[in-house]
Amino acid sequence: MSLQGKTLFISGASRGIGLAIALRAARDKANIAIAAKTATPHPTLPGTIYTAAEEIEKAGGTALPIICDIRDEEQVKSAIDQTAAKFGGIDILVNNASAISLTNTQETTVKKYDLMHSINGRGTWMVSKYAIPHLIKSGKNPHILNLSPPLSMKEAWFKNNVAYTMSKMNMSMCVLGMAGELRRHKIGVNALWPLTLIGTAALTQVGDTSKMKLRTPDIMADAAYEVFLKDSSKFSGNFLVDELFLRREGFTDMDQYAPGERNFSPDFFLPDEVLKEIDELRATQGWH
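An account of the accompanying structure is given in this report. Counting from 1, residues in each chain are numbered in the order their sequence is written. Note on the predicted model: pLDDT of at least 70 is required for a residue's local features to be given, and 80 or more for side-chain atom pairs to be given and counted; whole-chain, interface and lining totals, by contrast, use all residues. The side-chain figures draw on all heavy atoms in the structure; neither hydrogens nor water molecules are used.

### Some details on the pairing of strand β3 (residues 62–67)
No. 1: In this analysis, strands are considered paired if DSSP registers two or more bridges between them. Strands here are runs of E lasting at least two residues and helices are runs of H or I lasting at least four, both read from the DSSP assignment and numbered beginning at the N terminus. Here six bridges tie strand β2 (residues 31–36) to β3, and the two strands are oriented parallel to one another. Its bridge partner lying in β3, A33 is registered against L64.
No. 2: Assessed by its sense of winding, the connection that carries the chain from β2 through helix α2 (residues 49–59) to β3 is right-handed. Viewed with both strands pointing away, a crossover whose connecting path from the first strand over the helix to the second turns clockwise is right-handed.

### Focus on the environment of N170
No. 1: On the secondary structure map, N170 appears in helix α6 (residues 162–182).
No. 2: What makes N170 partly exposed here is its relative accessible area of 26%.
No. 3: Taking the C-alpha atoms as reference, N170 lies 9.9 Å from P149; in sequence the two are 21 residues apart.
No. 4: Should any heavy atoms of two residues lie within 4.5 Å, those residues are counted as being in contact. For N170, the contacting residues outside a window of four places in its chain are H117 and G121. In this scheme, a residue with accessible area under 20% of its type's maximum is buried, one over 50% is exposed, and one in between is partly exposed, where area comes from a 1.4 Å probe on protein chains only.

### Things to note about the packing of helix α4 (residues 110–138) against α6
No. 1: It is at 7 Å that the axes of α4 and α6 come closest, and there the two elements cross at 15 degrees. With respect to each other, α4 and α6 are oriented roughly parallel. Note that α4 runs across α6; the crossing there is right-handed. Contact with α4, carried on its side by Y113, M116, H117, N120, G121, T124, W125, S128 and I132, involves A163, Y164, M166, S167, K168, N170, M171, C174, M178 and L182 of α6 and no other residues of that element.
No. 2: Across the contact of α4 with α6, the residue classes tally to eleven nonpolar, seven polar and one charged. Axes here refer to lines fitted to C-alpha atoms; in helices the fit is confined to the stretch in contact. Angles between the N-to-C directions go from 0 to 180 degrees. Should an angle lie under 35 degrees it is considered roughly parallel, over 145 roughly antiparallel, and from 65 to 115 roughly perpendicular; all remaining angles are considered oblique. In this scheme the crossing of two helices becomes right-handed for a clockwise turn of the near helix relative to the far one and left-handed for an anticlockwise turn of less than a right angle. Charged means Asp, Glu, Lys or Arg here, nonpolar means Ala, Val, Leu, Ile, Met, Phe, Trp, Tyr, Cys or Pro, and polar covers whatever is left, Gly included.

### Considerations on the side chain of N141
No. 1: Checked against the element boundaries, N141 lands in the loop between α4 and β5 (143–146).
No. 2: A relative accessible area of 15% means that N141 is categorised as buried.
No. 3: Side-chain atoms alone can form a polar contact between residues adjacent in sequence; in general such a contact is a pair of N or O atoms within 3.5 Å, and within protein one must be able to donate a hydrogen while the other accepts it. Within the structure, the side chain of N141 is placed 3.2 Å from the backbone oxygen of F228, a separation counted as a polar contact.
No. 4: A polar contact of 2.7 Å, which involves the side chain of N141, links it to the backbone nitrogen of S232.
No. 5: Apart from residues no more than four positions distant in its own chain, N141 is found in contact with M1, K6, D91, F228, L229, K230, D231 and S232.

Now the structure itself:
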């Protein structure tokens, strides 16, 4: 099975993990709509929807760059309609766009709160809402993948950055609810989250990354690709962690994502049982 001829709609795909997922799909000659705000170069972040489109075309895919702020309902509706009109439908939706502010309640401005919630929670829900009719019609193993963490109500994940955690858990609650809602339509709805911090340009906006041990976005792209190949009528409602999911699927070459590195700091929101299973699989499977 491959993604050849399938159409992906990816929010926030002008750079980082979203672009990596697009490039992995492009290797299968997939059609990819890049829905993002960046049409002109950002002062500190590389990449626009047009440079992303060039990379996708070079990798073998067919790209449709669309200026889209997922906070704007009319822009979302238009982007979905443009994609379906050009490619004849939509088979896979990736809700990748996200905003972050690792600040406590007193330090978080209302403007920043509104930004995170309008993109992370509301934006994910709204893009899904308008993509669902096309996914129902797909007939080609349709999937929704949200880049959001395992659902958790532990105080530890909320106490230091309440507003951000709430917004990311909103994305995960979309997975929980829509998996049940769309099961009768055989649409797979899953979440994917990194085990470690991922080396993207956006991460540098949060803090100094010079001493961090980071993986490339390719690990998330490879994990997303494997999700898309799963039978959508059976594989749904899962909260996946990139390395753990890949190892369960038989992929053990983790060195390719950070050659020689072993001692990574785990990302936020990871359950203890995930970290325990990862340690066990690393011990038995190795790194190559």
